[in-house]
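# Topology and contacts: notes
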Amino acid sequence: MSTYGSFPGSRPRRLRTTPAMRRMVAETRLHPSDLILPAFVREGISEPIAISAMPGVVQHTRDTLRKAAAEAVEAGVAGIMLFGVPADENKDARGTAGTEPDGILQLAIRDVKAEVGDDLVIMSDLCLDEYTDHGHCGVLDEHGRVDNDATLERYAEMAQVQADAGVHVVGPSGMMDGQVGVIRDALDETGHEDVTILAYTAKYSSAFYGPFREAVASSLQGDRKSYQQDPANARESLRELALDLEEGADMVMVKPAGPYLDILYRVAQAVDVPVSAYQISGEYAMIEAAAEKGWVDRDRAIMETLLGIKRAGADTILTYWATEVAQWLRRD
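Residues numbered from 1 in each chain as written. Predicted model: local features only at pLDDT ≥ 70, side-chain atom pairs only at ≥ 80, totals over all residues. Heavy atoms only, no water.

### Describing the overall build of the protein chain
- When helices and strands are tallied, the protein chain shows eleven helices and ten strands.
- Relative to a compact globule of 332 residues, whose C-alpha radius of gyration would be 20 Å, the protein chain shows 21 Å and is just as compact.
- By residue count, 52% of the 332 residues in the protein chain fall in the buried class.
- Of all intrachain contacts in the protein chain linking residues separated by at least 6 positions in sequence, the fraction that spans at least 24 positions is 75%.
- Carbon and sulfur atoms form 48% of the exposed surface of the protein chain, whose accessible area is close to 15500 Å². (Helix = DSSP H or I, 4+ residues; strand = E, 2+ residues; numbered from the N terminus. Rg over C-alpha atoms; globule rule 2.2 N^0.38 Å. Buried < 20%, exposed > 50% of the residue type's maximum accessible area, 1.4 Å probe, protein only. Contact = heavy atoms within 4.5 Å. Areas by Shrake-Rupley, 256 points an atom, 1.4 Å probe, with all protein chains shown as cover.)

### As for the nonpolar core
- Core analysis: the largest hydrophobic core is formed by 96 residues, its most contacted members being Phe40, Ile80, Leu82, Tyr155, Tyr278 and Val325.
- Among residues more than four places away in sequence, those in contact with Leu82 are Ala39, Leu65, Leu105, Ala108, Ile109, Val112, Ile122, Met123, Ser124 and Asp125. (Core = buried A, V, L, I, M, F, W, Y, C linked by side-chain atoms within 4.5 Å.)

### Regarding empty space enclosed by the protein
- The final tally for this structure, using the stated rule, is one cavity of 30 Å³ or more.
- Space inside the largest cavity adds up to approximately 100 Å³.
- For the largest cavity, the full set of lining residues is Phe83, Asp125, Asp129, Ser173, Tyr200, Lys203, Tyr209, Phe212, Arg213, Arg224, Gln228 and Lys255.
- Breaking the lining of the largest cavity down by element, the ones donating at least two residues are β7 (196–203) and α6 (210–215). (1 Å grid on protein atoms, 1.4 Å probe; cavity = no way out; pocket = protein on both sides within 12 Å on 5 of 7 lines; lining within 4 Å. Points joined across faces, edges and corners; volume = space filled by probe spheres on them.)

### Looking at the layout of surface pockets
- In this structure, the largest pocket occupies an estimated 760 Å³ of space.
- Taken together, 17 residues line the largest pocket, and the ones lying closest to its centre are Arg23, Ala26, Met303, Leu307 and Asp332.
- For the lining of the largest pocket, the elements supplying multiple residues, two or more each, are α1 (19–25), α10 (298–312) and α11 (322–331).
- Residue composition of the lining of the largest pocket, grouped by class: nine nonpolar, one polar and seven charged.
- For the second largest pocket, the calculated volume is near 320 Å³.
- Leu37, Gly56, Val57, His60 and Tyr320 are the residues nearest the centre of the second largest pocket, which is lined by 18 residues in total. (Nonpolar A, V, L, I, M, F, W, Y, C, P; charged D, E, K, R; others polar.)

### Concerning the packing of aromatic side chains
- On inspection of all chains with the given rule, the structure shows six aromatic pairs.
- Judged by centre distance (5.4 Å) and plane angle (35°), the ring pair of Phe40 and Phe83 falls under tilted. Of the two residues, Phe40 is situated in strand β1 (residues 35–42) and Phe83 in strand β4 (residues 79–85); the sequence distance between them amounts to 43 residues. One exposure class covers both Phe40 and Phe83, and it is buried.
- Residues Tyr204 and Tyr260 carry aromatic rings whose centres are separated by 4.2 Å and whose planes lie at 15° to one another, so their mutual orientation is stacked. Separated by 56 residues along the polypeptide, Tyr204 in the loop between β7 and α6 and Tyr260 in the loop between β8 (251–255) and α8 (261–270) bring together distant segments of the chain. (Phe/Tyr/Trp six-rings, centres within 6.5 Å; stacked < 30°, edge-to-face > 60°.)

### Some points on the pairing of β1
- Taken across its eight residues, β1 has seven buried, putting it largely inside the fold.
- Examined bridge by bridge, β1 and β4 share seven bridges and lie parallel to one another. Residue pairing for β4: Leu37 is matched across the bridge by Ile80.
- As defined by bridge partners, β1 adjoins strand β3 (residues 58–60) across two bridges and the pair is classed as parallel. Residue pairing in the sheet places Phe40 in a bridge with Gln59 of β3. (Pairing = 2+ DSSP bridges.)

### Examining unusual backbone geometry
- Between Lys255 and Pro256 the backbone carries a cis peptide bond, its omega angle lying at -5°.
- With respect to the helices and strands, Pro256 occurs in the loop between β8 and α8.
- The phi angle at Met175 is positive, at roughly 60°, despite the residue not being glycine.
- Here Met175 is to be found in the loop between β6 (169–172) and α5 (179–189).

### Structural notes on the packing of helix α2 (residues 62–75) against helix α3 (residues 104–116)
- Direction vectors running N to C along α2 and α3 enclose 45°, while the axes themselves pass 9 Å from each other. Judged on the interaxial angle alone, α3 and α2 are oblique. Relative to α3, the crossing made by α2 is right-handed. Touching Arg62, Leu65, Arg66, Ala69, Ala70 and Val73 of α2 are Ile104, Leu107, Ala108, Asp111, Val112, Ala114, Glu115 and Val116, all from α3.
- Class assignment of the residues belonging to the contact of α2 with α3 gives a composition of ten nonpolar, no polar and four charged. (Axes fitted to C-alpha atoms, helices over the stretch in contact; angles between N-to-C directions. Parallel < 35°, antiparallel > 145°, perpendicular 65-115°, else oblique. Left-handed = near helix turned anticlockwise from the far one by under 90°.)

### Focus: a nonpolar patch on the surface
- Residues Leu15, Met24 and Val25 make up a contiguous nonpolar surface patch of roughly 290 Å² in combined accessible area.
- By the element assignment, Val25 lies in helix α1.
- The partly exposed category is assigned to Val25, whose relative accessible area is 33%. (Patch = residues over 30% accessible without salt bridge, like charges linked within 9 Å, V, L, I, M, F, W, Y side chains within 5 Å. Salt bridge = Lys/Arg side-chain N within 4 Å of Asp/Glu carboxyl O.)

### A closer look at the pattern of salt bridges
- Enumeration according to the criterion identifies 14 salt bridges in this entry.
- Lys310 is the salt-bridge partner of Asp34, the closest N and O atoms lying 3.3 Å from each other. Of this pair, Asp34 sits in the loop between α1 and β1 while Lys310 sits in helix α10, placing them 276 residues apart in sequence.
- Judged by relative accessible area, which is 9%, Asp34 ranks as buried.
- Asp111 is paired through a salt bridge with Arg62; the nearest N and O atoms lie 2.6 Å apart. On the criterion of sequence distance, the pair formed by Asp111 in helix α3 and Arg62 in helix α2 is long-range, its members being 49 residues apart.
- Salt bridges here are not isolated pairs; linked through shared partners, they connect Arg62, Arg66, Asp111 and Glu115.

This is the structure we're talking about:
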């Protein structure tokens with residue numbers, strides 16, 4: 001009971017009375033420069049191809065990718081993460097298309113660089129899964145298992161060709177042991193000391209990757225549980241974090257975002273480097289599907305999830321809504 005008047009004496013609702021009041025006291029704010037746009041570019045197509053499981057997202061042609069990059073710059077988005085989708089006939093067991101200087105991802109990097117220069121941070125997925133005919137993130141040994149150390153050799157080659165193409169940031173996403181150190185050495189030894197590494201530090205084996213498999217025309221056979229993290233584990237992510245930082249990661253990532261906000265919070269509290277979170281395809285698809293059914297308010301749900309990710313500690317968020325949300329924020 002308050003000694004200064006009738007109960008209750010504390011009224012937090014005073015700070016929620018009007019939109020202007022709520023804006024003034026908001027503890028978490030989103031800005032366009034917090035956002036990174038993941039984008040897919042497919043080899044050999046003349047028109048964008050809609051991704052059925054991700055309404056509003058497409059596999060770009062090289063020309064439409066350039067347009068998307070320019071729109072992202074105009075909206076104030078910080079960066080673009082590029083994923084190459086080779087023609088099926090160009091996939092093989094070693095993911096050769098991923099290390100060809102004129103492979104689709106390297107061409108896309110050059111295209112975006114020519115379109116927007118340094119006005120957008122150009123990032124590239126550094127992984128073999130899009131390019132292998134078995135769909136795994138590395139090369140396989142004679143028993144059909146992903147060979148960690150042989151895969152690292154391929155990652156070193158990928159890092160070099162992506163850097164040669166002009167990328168600002170490489171994003172090793174394969175969860176191979178030692179990948180950050182090998183990539184850092186490969187970049188430094190080839191005169192690319194300024195290329196940044198965004199380490200996919202805590203990448204969990206998740207059911208929410210389903211729509212992404214369509215987006216990259218995945219040829220995956222089996223699953224990735226032997227190298228992606230087990231959803232049951234939290235402390236393990238901090239071990240991965242320590243190793244990535246020791247090996248030279250400039251930035252770190254948690255993926256997926258929404259189901260792993262506790263991991264994101266732990267990582268953000270533990271480091272003094274920028275932290276990213278990837279709001280992945282399944283997270284996107286759930287909101288779009290529920291909104292299409294009229295079950296949720298689409299725009300509010302998008303903003304609420306992004307604020308939650310930011311509040312948990314993300315400095316930047318990879319989201320397929322990046323350009324759209326950045327446009328909303330600029331209007332506000």
